[in-house]
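Observations on chain architecture
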Amino acid sequence: LTGDKWFCSNVAADAILALARMPGGAPGTKGLGLFLVLRQKPAGNSATIRIHRLKNKLGVRSMPTGEVTFENTEAFLIAGENEGFKQMAEMLNLSRLYNAVASVAGMRRALLEGLKFGSGRKAFGRKLDELPLWRAAMTDLVAEHLGIFALVFDTVRALDNADNGDDEARKLVRIAIPMAKALSGKLAVFAVSEAMEAIGGNAYIEESILPRLLRDCQVLPIWEGTTHILTLDALRAIQKEGSHEALFARIQLALSRANRLDTVPVKARRDDDVKNLKTLVKLSAELQQREARQWLECTGRTFTLALLLESAAHPPLRKACLAAYKRLSVRPTGVMPVCHGKPAELSDTEAVLLRSATR
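Report on the accompanying structure. Nothing here was measured: the structure is a model prediction, and the numbers come from that model.

Our focus in this paragraph is the sheet that holds strand β3 (residues 32-38). With respect to topology, 3 strands assemble into an open sheet ordered β2-β3-β6, the strand pairing being antiparallel. Two strands close off the open sheet at either side, each with one partner strand: β2 (15-21) and β6 (76-79). With direction set aside, neighbouring strand axes in the sheet form an average angle of 35°. Strand direction decides the pairing type here: β2 and β3, joined by 7 bridges, are antiparallel. Paired with R21 across the strands is L32, a residue of β3.

Inspection of every chain in the model, using the stated rule, returns 22 salt bridges. Between E67 and R53 there is a salt bridge; the shortest N-O distance is 2.8 Å. Pair noted here: E67 is in strand β5 (residues 66-71) and R53 is in strand β4 (residues 49-54), with a separation of 14 residues, a long-range link. The shortest N-O distance in the salt bridge between E113 and R109 comes to 3.0 Å. Taken together, the positions of E113 and R109, both in helix α1 (residues 84-120) and 4 residues apart, correspond to about one turn of that helix. Accessibility expressed as a relative area gives 25% for E113, which makes it partly exposed.

Put simply, the largest pocket is a space of about 1400 Å³. Forming the walls of the largest pocket are 44 residues, and the residues nearest its centre are S9, M63, T65, W223 and E224. Mapped by element, the contributors of at least two residues to the lining of the largest pocket are β1 (2-8), β2, β4, β5, α1 and α4 (210-217). For the lining of the largest pocket, the element with the most residues is α1, which contributes 8 residues.

One turn of the α-helix equals 3.6 residues, which is why residues spaced by three or four share an orientation. Spanning 15 residues, helix α5 (residues 227-241) covers 20 Å between terminal C-alpha atoms, matching the ideal 21 Å at 1.5 Å per step. Buried positions along α5 lie against α1, α3 (167-199), α6 (243-256), α7 (264-280) and α8 (285-312). Phi turns positive one or two residues past the end of α5, at G242, with a value near 65°.

Once that is clear, we can look at the nonpolar core. Soluble globular proteins: nonpolar side chains tend toward being buried together. Counting 70 residues, the largest nonpolar core has I148, L210 and W295 as the members making the most contacts within it. It is α3 that contributes the most residues to this core, 17 residues altogether. If sequence neighbours within four positions are ignored, I148 has contacts with V104, M107, L183, S184 and L187. Core analysis: the next-biggest nonpolar cluster, separate from the first, contains 9 residues, A13, A18, V37 and F70 among them.

Calculation criteria
- Residues numbered from 1 in each chain as written.
- Predicted model: local features only at pLDDT ≥ 70, side-chain atom pairs only at ≥ 80, totals over all residues.
- Heavy atoms only, no water.
- Pairing = 2+ DSSP bridges.
- Helix = DSSP H or I, 4+ residues; strand = E, 2+ residues; numbered from the N terminus.
- Axes fitted to C-alpha atoms, helices over the stretch in contact; angles between N-to-C directions.
- Salt bridge = Lys/Arg side-chain N within 4 Å of Asp/Glu carboxyl O.
- Buried < 20%, exposed > 50% of the residue type's maximum accessible area, 1.4 Å probe, protein only.
- 1 Å grid on protein atoms, 1.4 Å probe; cavity = no way out; pocket = protein on both sides within 12 Å on 5 of 7 lines; lining within 4 Å.
- Points joined across faces, edges and corners; volume = space filled by probe spheres on them.
- Expected span 1.5 Å × (residues − 1).
- Contact = heavy atoms within 4.5 Å.
- Core = buried A, V, L, I, M, F, W, Y, C linked by side-chain atoms within 4.5 Å.

None of the figures reported here should be taken as evidence of function without further support.
Written as structure tokens, this is what we have:
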């Protein structure tokens, strides 16, 4: 292999999977092959891997990312033309799901920091966790964490089923993984920031874990596909594989397991999601892009609510899941007011606002 790699995650690794264009390979991803590079095999191979520098990253500095040039580096072909990117996509799915699990973990750590501080800190003559405004904000974070926990680990279960030959689970995974990764990554950054604010100035000081946690969590909506890339990936899964059918079927199954709980509001949301998707896929490619992220966030919320009701059917989980459901059901989408409302109908505002922001 000869050429540059601008972003090499874990640059010190002894085993590296690399995509590279095959000799005479077609343009785009079809012409890529997947190669295994072993730093120590054959002997002296490491000398052909030139690390120019380490990236000066915002966070996740414990795993060095570098700029690398391969100089006639020996590699083993894993998958050739037309197959290389497909094989890498399998690893990409796992990485995206790992990313979602990391987001859930980051949220949980931030919550624990905030809740512990609130149980001891006094203000206005009372502990913080006795004050209504503080309690309401932190309760919302707990509800968001429970909801995204349910969504992410249901996706983990779906991937396990898909790996064991379940074709319906395979279709579900194609849309559930980008959905889980997109929503959890955004929520992680929001949750850590909110927990930091709930503590106040002490959380902004580097002696606290929260500054590092905030820096580390900021990579979660970016690494292995930004929210925009994930939205496009979900849209592609809908159009090429009909993955939305498996998603709506999973929502219906969750509601059927809700054990006499009131599922009417979630069914109404699901029906709206189905109707909005039918409208979405009929739009031009440009308008689809404007509308798709809102659909993904809305449907992700519907999926979350259905899973909370399903989990509430189990007595030990009932109270917490129903409380989380109650709080999240009035929050229609994710936490960031981006691409909400009717984006396609607001496109005439884009040029003037974007232009004004750069003057």
